[in-house]
Structures are given as C-alpha cells and as structure tokens.
Amino acid sequence: MKQEQKLALQIAIDGPAGAGKSTLAKLVAKQLNLFYVDTGAMYRAIAYKVLKNGILLEDELSVSQIAKTTEVILDHSEKQNVWCDGENVTLAIRSPEISRAVSIVAAYVGVRERLVELQRQEAARGGVVMDGRDIGTQVLPEANLKIFLTATPQERARRRWLEFVKAGKNVRLEEVAQDMQKRDRQDTEREVSPLEPAEDAVILDTTGCSVERMAAKIIALTQEDGR
Ligand code: DC
C-alpha cells in the first residue's frame, strides 16, 4: 500500500457493547499507525455532563443544548484521555451509572448531529480507525473497510464485567448482563442511526478469538484489492 493511501485509510468498526471493538480498534490503529477514535467515549462524555448538571435524561431539549455547547476532546495520547470542557473524564465515564444513562442520551438527534460533526472533523485529520454503532452507516459511509463485530451475549457480558472488576468496581455479572441487554435493545431499536451493520460491512464474530488474530484479519482485509 502506498504511504499516501495509508494516511487517508478509514476503518469503521461497529458492533454492540462488549464485542471487543475498542481493544481491537486500538491495536489495528497502532499497527497501521492511524488515529484511533472511540466515539462511544464522546457519547459518554455528554451523558457525564448531563448528570453532573442535574439535567433530567428525559429532557431532550436540554440534553441536546448541552451537547451543542460542550467541548469533547480525545487527545490521542497513549492513555487515550477524554476531556469534557477541560475536565479529564477518562475514568469517570466508565462507571455503571454512565453506562446506563448514555443510551438515552445517544438516542437524541440533536446529540447525534453534534457528535457526528466532531467525529468527521477527527477523521479529516488523517487515516483513522473509528469505533461505534453508526460509523459504517452514518459517520464514514465512504470508509475503505467496514467491520461489524459480534460475540455471544454471555461473552460480551463477561468481558464488560471483567473491565469493571479490573477497575476495582464491585458489580455482579448478572447485573452487567442485564444492563447490557437493555442497552443493546435501546441502541438497536432507536429511530435515529440504530445499531446495524452497513450493507457492505464484513461481519466478524470475536467469541473465543484472540485480539491479535482478529487484528491480523482486519489488516489483511485492508490490503485486499479495491480498498
Ligand atoms: O461503545 P460504548 O459502550 O462506550 O458506547 C456508549 C453508548 O454510546 C452506547 O450505548 C451506544 C452509544 N453510541 C452510539 O450510539 N453511537 C456511537 N457511534 C457510539 C456509541
């Protein structure tokens, strides 16, 4: 692949929570020397600000207003810090409370319009691996490669639960599984940009598969003719 092609390479990775998107996207970005953009973190930052300001999650107008005026920055450092109006929210946005609130906020058209605009600005900086729910269908419809990741619900819940445990959070696996099921439903059934594979997406099941093998597969796909 020529260097200039590599710089403009866009890889979209979509899928439900716990499918392994971010771990995989980070590794592929590192190996191909591309930016990694975690769009879920941007939705989480908006949910964080909404809760912090005591705004009702159901108040669509106020939530959309917050989204329009909030500065969300991903700093692309090794730590992948997330900044919300100058505050480092990298750890705070991973709490179970934010995980519950974020699907509500992400269903609002005003929130999505604002964040899609910021996400496209990120992609304009150069080659990118972007993960989320609507990257292949809405944010980067011209991406060179679109991946839709899946894994069994049990495996996805177990992975998310392990992340909480590693972060020192005391949560039960069943509770994580239930929250995840609810969030999947909200993300899939919402009217605006629901979670679904793009028509031209490659569907990959990550159950029982190592992240290294999956990354190698994705990198091989980018080298196929016509991408
Ligand atoms: O990937 P994640 O779990 O951090 O995403 C958090 C929430 O944000 C999730 O419920 C779905 C939503 N989201 C979205 O609607 N569109 C995206 N592009 C990314 C995330």
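Conventions adopted
- Residues numbered from 1 in each chain as written.
- Predicted model: local features only at pLDDT ≥ 70, side-chain atom pairs only at ≥ 80, totals over all residues.
- Heavy atoms only, no water.
- pLDDT = per-residue confidence, 0-100.
- Helix = DSSP H or I, 4+ residues; strand = E, 2+ residues; numbered from the N terminus.
- Contact = heavy atoms within 4.5 Å.
- Axes fitted to C-alpha atoms, helices over the stretch in contact; angles between N-to-C directions.
- Parallel < 35°, antiparallel > 145°, perpendicular 65-115°, else oblique.
- Nonpolar A, V, L, I, M, F, W, Y, C, P; charged D, E, K, R; others polar.
- Near = heavy atom within 4 Å.
- Polar contact = N/O pair within 3.5 Å; in protein donor to acceptor, adjacent residues only side chain to side chain.
- Areas by Shrake-Rupley, 256 points an atom, 1.4 Å probe, with all protein chains shown as cover.
- Pairing = 2+ DSSP bridges.
- Expected span 1.5 Å × (residues − 1).
- Buried < 20%, exposed > 50% of the residue type's maximum accessible area, 1.4 Å probe, protein only.
- Core = buried A, V, L, I, M, F, W, Y, C linked by side-chain atoms within 4.5 Å.

Caption draft 1: A look at the confidence of the model for the protein chain. For the protein chain, per-residue confidence averages 92 on the pLDDT scale, and 96% of positions sit at 70 or higher. Per-element averaging of pLDDT across the protein chain places helix H1 (residues 3-7) at the bottom with 49 and helix H3 (residues 39-52) at the top with 98. Taken together, the stretch residues 1-6 has pLDDT below 50 and engages in 6 contacts with residues farther than four places along the chain or on a different chain.

Caption draft 2: Region of interest: the packing of H3 against helix H5 (residues 96-106). Running from N to C, H3 and H5 point in directions that differ by 100°, and their axes come no closer than 8 Å. Judged by the angle between their axes, H3 and H5 are roughly perpendicular. Two secondary-structure elements touch here, H3 through Tyr 43, Arg 44, Ile 46, Ala 47, Tyr 48 and Leu 51 and H5 through Glu 97, Ile 98, Ser 99, Ala 101, Val 102, Val 105 and Ala 106. Each residue belonging to the contact of H3 with H5 can be placed in one class, and the counts come to 10 nonpolar, 1 polar and 2 charged.

Caption draft 3: Structural view of the site of the ligand. Neighbouring residues of the ligand: 17 residues in total, closest Arg 44, Arg 112, Arg 133, Asp 134 and Arg 190. One of the side-chain nitrogen or oxygen atoms of Arg 44 is found 2.7 Å away from an oxygen atom of the ligand. Note that an oxygen atom of the ligand is positioned 2.9 Å from one of the side-chain N or O atoms of Arg 133. Across the complex, the protein chains shield 97% of the 440 Å² of accessible surface that the ligand would expose by itself. At the level of secondary structure, the elements contributing two or more residues to the shell around the ligand comprise H3, H5 and helix H9 (173-189). For the shell around the ligand, the element with the highest residue contribution is H3, accounting for 4 residues.

Caption draft 4: Region of interest: the sheet that holds strand S3 (residues 72-74). Across the sheet, which stays open at both edges, the 3 strands sit in the order S3-S4-S5 with antiparallel pairing between neighbours. Taken across any chain shown, the strands that pair with only one partner, and hence form the sheet edges, are S3 and strand S5 (87-88). Both strand S4 (residues 82-84) and S5 contribute to a ladder of 2 bridges, which runs antiparallel. Looking across to S5, one finds that Cys 84 is bridged to Glu 87. Along the sheet face, H3 touches S3, S4 and S5 and points at about 140° away from the line of S3.

Caption draft 5: Main features of helix H6 (residues 109-123). Look at H6: 21 Å from first C-alpha to last across 15 residues, which is about the 21 Å you get at 1.5 Å a residue. When H6 is considered as a whole, its buried residues turn out to be Gly 110, Val 111, Arg 112, Arg 114, Leu 115, Val 116, Leu 118, Gln 119, Glu 122 and Ala 123.

Caption draft 6: Geometry of the sheet that holds strand S2 (residues 35-38). The strand order S2-S6-S1-S7-S8 describes an open sheet built from 5 strands, whose pairing is parallel. Edge strands, defined here as strands with exactly one partner in the open sheet, are S2 and strand S8 (202-205). On average, each strand axis in the sheet is inclined to that of its neighbour by 20°, with strand direction left out of account. With 4 bridges connecting them, strand S1 (residues 10-14) and strand S7 (residues 145-150) associate as parallel partners. Looking across to S7, one finds that Ala 12 is bridged to Lys 146.

Caption draft 7: Structural context of the nonpolar core. Core analysis: the biggest nonpolar cluster contains 37 residues, and Ile 46, Val 111, Met 130 and Leu 140 have the highest contact counts within it. Elements that contribute at least two residues to this core include exactly H3, helix H4 (60-69), S3, S4, H5, H6, strand S6 (128-132) and helix H7 (135-139). With 8 residues, H3 is the largest single contributor of residues to this core. Excluding residues within four positions of it along the chain, Met 130 makes contact with Ile 11, Ala 12, Ile 13, Val 37, Thr 39, Gln 119, Ala 123, Ile 135, Val 139 and Leu 140. Listed in part, the 21 residues of the second largest apolar core include Ala 29, Leu 32, Met 214 and Ala 215.

Caption draft 8: Representation of the side chain of Ser 103 in the model. Here Ser 103 is to be found in helix H5. The class of Ser 103 is buried, set by a relative accessible area of 4%. At 3.2 Å, the side chain of Ser 103 and the side chain of Asp 187 are in polar contact. Apart from residues no more than four positions distant in its own chain, Ser 103 is found in contact with Arg 183, Gln 186 and Asp 187.

Caption draft 9: Examining the pairing of S1 more closely. Across the 5 residues that make up S1, a large majority, 5, are buried. Here S1 shows a buried face lined by Gln 10, Ala 12 and Asp 14 and a second buried face lined by Ile 11 and Ile 13. Of the pairings in the sheet, the one linking S1 to S6 comprises 5 bridges and is parallel in character. Bridging from a neighbouring strand, Ile 11 pairs with Val 129 of S6.

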